[in-house]
Every structure is written in C-alpha cells, then in structure tokens.
Amino acid sequence: MLVHGPLRRDLDRVLEFRKNIKPSGYKWTAIDHRRVYSASLYEITSEHVSSVCLLLLFLRTSSAAALLRSCVESAVRGTWLLLVASDDNIENVVAERGKDKGWPGLDHMMGAIEGHHKAGGLLRRIFTHTGALNDLTHGGLMQIAHRMGPHAGQDTVPLVNRICLRNACNALALITCALHLDVNDVSEVAVVTLRAADLFASFETAGDAQPPMR
C-alpha cells in the first residue's frame, strides 16, 4: 500500500475532487427511465472512480486499467441517455431490445453526444481510444506490455497511472456536467469544469503538468 509520495497525493486529490463535485443538490425534472437510469449510472461511475483509486493505492495497476472501460462507458451511457437519446432509444434500452440489449456502441454514443453539443471530437480527445480501453479490459497487448515493461528495463507504471486517473476523472466530470445540464444549471457545469482543470494541473506523476513547486 502506498504510504506517501506523488501518486498517493494524486489519488488524494482525485478522491477530494469526487467528494466536492457530487451533485447532492440535483433536482429531478421528472421521474422517468431517462433520469433514473442516468442518476444510477452517475453513481456507478463515481464508484468506479473510487475503485480505480483504491486499486492504484494497493499498486494493482493492471486491475485499475482493466476497470477503465467500465468507468468510461457508464459515464458515456448516462450522458447519452440523459441528453441525447430519443424516446425510442430509451424504450429499446428498457426493453433490452437490440444487438447489445438496446445500448449503442461506445463510439456511437460518443459521436452522438459530440454531434448534439457540436463538441468537435471532444470526448475522443479526453478519453483513451475505445480500442485501447478494450485491450486494457480484456488483457490485450497493452496489458501484456505493461507487465513485461519492468523486465525489459522500461518503467511503464507512471504512464498507466496517468491513463487511469485522467480517464476516471474525465468520466466523472462528464456525467456530473450532464446532470447539471439536465436542470439547466450552467454555473455548476462551469464549477465542475474548472475544478477538473485545477485537478489536472495539480497532478504530479500521473499528469501532464510539471510537478508543482512545494
């Protein structure tokens, strides 16, 4: 278990971010499948973020990376369901009607969200490529290379930590913003976005920024 150091501080920052942006004041605009399912998917995403941090805390980096697909997909599903899906889409999900029990593929949902909000490929920039997420989840070559890295004299762990924390935080920020957009609380969306930017800027070993001066 990590006792101190840059990664431990990064994990503490992520958990603090999770606690601070929880939409405890979320007001239901309606009680229906669209909103109840989306709220449930928010909770699932939030739990996945906590689990990623717990796994990294105990240096289970491969298991943390394997959870990323589930974390990202629950956030994207909740956002798509709440803000983009048609009534027919909702009915298909509820009835588990369709190829994947009513759910479109991850790439399709990302494209629909980006198209709806004219986001210009934003989600594809903030999340790891779908193929890579699948690889990490199913024990593909990325996971194999990660395990082989130390034996080949290449320390890949900081990169895996960064991938885990960035994807998990972006997933939580995405679905939190979706809940606020549903009730037209644009000021809270700005708060979440700014807090996420501050979080990423504060990362040490897991982020893009240089370590902050201490």
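Everything discussed here concerns the structure shown above.
Definitions and cut-offs
Residues numbered from 1 in each chain as written. Predicted model: local features only at pLDDT ≥ 70, side-chain atom pairs only at ≥ 80, totals over all residues. Heavy atoms only, no water. Salt bridge = Lys/Arg side-chain N within 4 Å of Asp/Glu carboxyl O. Buried < 20%, exposed > 50% of the residue type's maximum accessible area, 1.4 Å probe, protein only. Helix = DSSP H or I, 4+ residues; strand = E, 2+ residues; numbered from the N terminus. Polar contact = N/O pair within 3.5 Å; in protein donor to acceptor, adjacent residues only side chain to side chain. Contact = heavy atoms within 4.5 Å.

*Asks:* Explain the pattern of salt bridges to me, please; I cannot follow it from the model alone.
*Replies:* Side chains that differ in sign of charge can pair as their charged atoms come close. Tallying each qualifying case throughout the model produces 14 salt bridges. The salt bridge involving aspartate 32 is made with arginine 35; its shortest N-O contact spans 2.8 Å. Since its relative accessible area comes to 29%, aspartate 32 is described here as partly exposed. Put simply, Arg9, Asp10, Arg13 and Glu204 are held in one network by salt bridges that share partners.

*Asks:* How should I be thinking about unusual backbone geometry in this particular structure?
*Replies:* Negative phi characterises most residues that are not glycine, and trans characterises most peptide bonds. Non-glycine residue leucine 59 carries a positive phi angle of around 60 degrees. The exposure class assigned to leucine 59 is partly exposed, which follows from its relative accessible area of 49%. Even without glycine at this site, asparagine 184 takes up a positive phi of about 60 degrees. Examined against the element boundaries, asparagine 184 turns out to sit in the loop between helix H10 (157-182) and helix H11 (186-202).

*Asks:* Looking at this structure, I do not really get the environment of histidine 48. What am I missing?
*Replies:* As for its placement among the helices and strands, histidine 48 is situated in helix H2 (residues 33-57). Exposure remark for histidine 48: the relative accessible area of 18% places this residue in the buried category. C-alpha separation for the pair histidine 48 and serine 74, spaced 26 residues apart in sequence, amounts to 9.1 Å.

*Asks:* It is not clear to me how the side chain of glutamate 114 should be interpreted in this structure. Could you clarify?
*Replies:* Checked against the element boundaries, glutamate 114 lands in helix H6 (residues 106-117). Of note is the side chain of glutamate 114, whose polar atom sits 3.5 Å from the backbone nitrogen of leucine 122. The residues contacting glutamate 114, other than those within four sequence positions of it, are Ala119, Gly120, Gly121, Leu122, Leu123 and Arg124.

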